[in-house]
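Here is what each chain is made of, one letter per residue.
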Amino acid sequence: MTATPAHASSGAAIEVQGVARSFGDVHAVRDASFTAHAGSVTALIGPNGSGKTTLMLVLATLLAPDAGTVRIAGADPVRDARAVRQRMGWMPDVLGSWATLSVRQTLEMTGRLYELTPVQSRERARELIELVGLESLADQPTRVLSRGQKQRLSLARALVHRPEVLLLDEPASGLDPAARVDLRVLVRRLAAEGVAVLVSSHVLAELDEMADAAVYLDQGVTASAERIESSRAGARQWRIRAVDPAALSAALASEGFESVGQDHLGTLVSVASETDAAALLARLVSAGVAVSAFGPAVGDLEHTFLDLARGERPEEAR
Ligand SMILES: Nc1ncnc2c1ncn2[C@@H]1O[C@H](COP(=O)(O)OP(=O)(O)OP(=O)(O)O)[C@@H](O)[C@H]1O
């Protein structure tokens, strides 16, 4: 099957400028600005309670912002919710489903709600059931689905009308490792076909493998490009493993590197840049250390996220 969106386009597919949304005294989103592009996967990253779901709900036309502007594929979710819903697919963090309908009926019904004909709805449901691997459960009522199976149905439902913008809130939660790989492959394929995907997850390593760009949200505020760049560029920990750990420690000491930690996977050292890391590896190998693993201790997104979070704290707490 094809997942090609009905309105594939290039350029900014999601534009968010100065968005705020409060619930009484709780300022869930205070000042969010970012752009996400067609054909790319953008990660939405932030600690618990930072406003990710609230922001997604605003983009999905389900919450009106108190301030700021949003455009989804050029349309305004406040003034023209219908146009946005025609072009945007939304996978919520928890699927609300019709418990007595089967998987197939759920997708057919969704197709009808998106104004597909009965024949189109049936055909689309069949394609999507295959796409997300729910064939064996297609005629079971949705109440029997496990959490991970519900996630697959939720994703299928978001794709019924071939949206050009896809909002995924914690799509991998509840998925087993094989299903996570399938999700990643599918998301990349949709992006390759021109869809703009915005995806939130707590599993940053997973986003690292999926996302082309990232938006960091903390206490309802998106981090500026300058702050992200300076966090990305900061020194980071690299993990080194050697056949003989004592020889590695001695070589590091003679290089003037102090180990900043040790875990079950190896020795951690702080290295200023990728170039310095490459030079260190070359020197260790030429000093005769049998290095069996060498790489950043955490992925790019996690490093930046942790550095930004540290930057928020008062000096004495760092
Ligand atoms: N309907 C609501 N009424 C009152 N407060 C709310 C409501 N929805 C969200 N909040 C509050 O707004 C803040 C942001 O919540 P939100 O769910 O957007 O965060 P999140 O980043 O998605 O969190 P998580 O990572 O835990 O899912 C939290 O303090 C939350 O308690």
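All values derive from a computational prediction rather than experimental measurement.

Cut-offs used in this document
Residues numbered from 1 in each chain as written. Predicted model: local features only at pLDDT ≥ 70, side-chain atom pairs only at ≥ 80, totals over all residues. Domains from an automatic or database assignment. Contact = placed C-beta atoms within 7 Å. Helix = DSSP H or I, 4+ residues; strand = E, 2+ residues; numbered from the N terminus. Nonpolar A, V, L, I, M, F, W, Y, C, P; charged D, E, K, R; others polar. Near = placed C-beta within 6 Å. Axes fitted to C-alpha atoms, helices over the stretch in contact; angles between N-to-C directions. Parallel < 35°, antiparallel > 145°, perpendicular 65-115°, else oblique. Left-handed = near helix turned anticlockwise from the far one by under 90°. Core = buried A, V, L, I, M, F, W, Y, C linked by C-beta atoms within 7 Å. Buried ≥ 20, exposed ≤ 12 C-beta atoms within 10 Å, placed from the backbone. Pairing = 2+ DSSP bridges. Expected span 1.5 Å × (residues − 1).

### Let's talk about the domain arrangement of the chain
Splitting the chain by domain gives domain 1 (12-222) and domain 2 (233-317). Once you take the C-alpha centre of each, domain 1 and domain 2 turn out to be 37 Å apart. The partner domain 2 presents eight residues to the ten residues of domain 1 that form the contact. Only strand S3 (41-45), helix H7 (204-210) and strand S8 (213-218) provide two or more residues apiece to the side of domain 1 that touches domain 2. Sort the elements by how many residues they give to the side of domain 1 that touches domain 2 and H7 lands first, with four residues. Split into classes, the residues belonging to the side of domain 1 that touches domain 2 amount to eight nonpolar, no polar and two charged.

### A look at the site of the ligand
Taken together, Phe23, Val26, Ala28, Gly46, Asn48, Gly49, Ser50, Gly51, Lys52, Thr53 and Thr54 are the residues near the ligand. Secondary-structure elements contributing two or more residues to the shell around the ligand are strand S2 (26-37) and helix H1 (52-59). Here the shell around the ligand gets three residues from one element, more than from any other, and that element is H1. For the shell around the ligand, the residue count by class is three nonpolar, seven polar and one charged.

### Here we look at the packing of helix H3 (residues 103-113) against helix H4 (residues 118-131)
The N-to-C vectors of H3 and H4 enclose an angle of 130°; their axes lie 8 Å apart at closest approach. With respect to their mutual orientation, H3 and H4 come out oblique. The crossing of H3 and H4 is right-handed. Note on element contacts: H4 touches H3 through Gln120, Ser121, Arg122, Arg124, Ala125, Leu128 and Ile129, opposite Val103, Arg104, Leu107, Glu108, Gly111 and Arg112.

### Comments concerning the nonpolar core
Side chains of a nonpolar character, in soluble globular proteins, are inclined to be buried together. Counting residues in each nonpolar core, the largest one holds 67 residues, and the members touching the most others are Ile45, Leu167, Val197 and Val199. Among residues more than four places away in sequence, those in contact with Val197 are Val41, Thr42, Leu166, Leu168, Val187, Leu190 and Ala191.

### So, the pairing of strand S5 (residues 88-91)
Side chains Met88 and Trp90 of S5 all project onto a buried face; the interleaved residues Gly89 and Met91 project onto the opposite face, where all are buried too. As judged from the four bridges shared by S5 and strand S6 (residues 165-169), these two strands associate in the parallel manner. In the sheet register, Gly89 faces S6, and the bridge partner there is Leu166.

### A word on helix H5 (residues 147-159)
Taking 1.5 Å per residue, 13 residues should reach 18 Å; H5 reaches 19 Å between its end C-alpha atoms and fits that length. Of all 13 residues that make up H5, ten are buried, and the element is covered over most of its length. Every buried residue belonging to H5 is among Gln149, Gln151, Arg152, Leu153, Ser154, Leu155, Ala156, Arg157, Ala158 and Leu159, and all of these are buried.

### Considerations on the environment of Leu281
Along the polypeptide, Leu281 turns up in helix H10 (residues 274-286). Distance from Leu281 to Val291, taken between C-alpha atoms, is 8.2 Å for residues ten residues apart in sequence. The contact partners of Leu281, leaving out residues within four places of it in the chain, are Val291 and Phe294.

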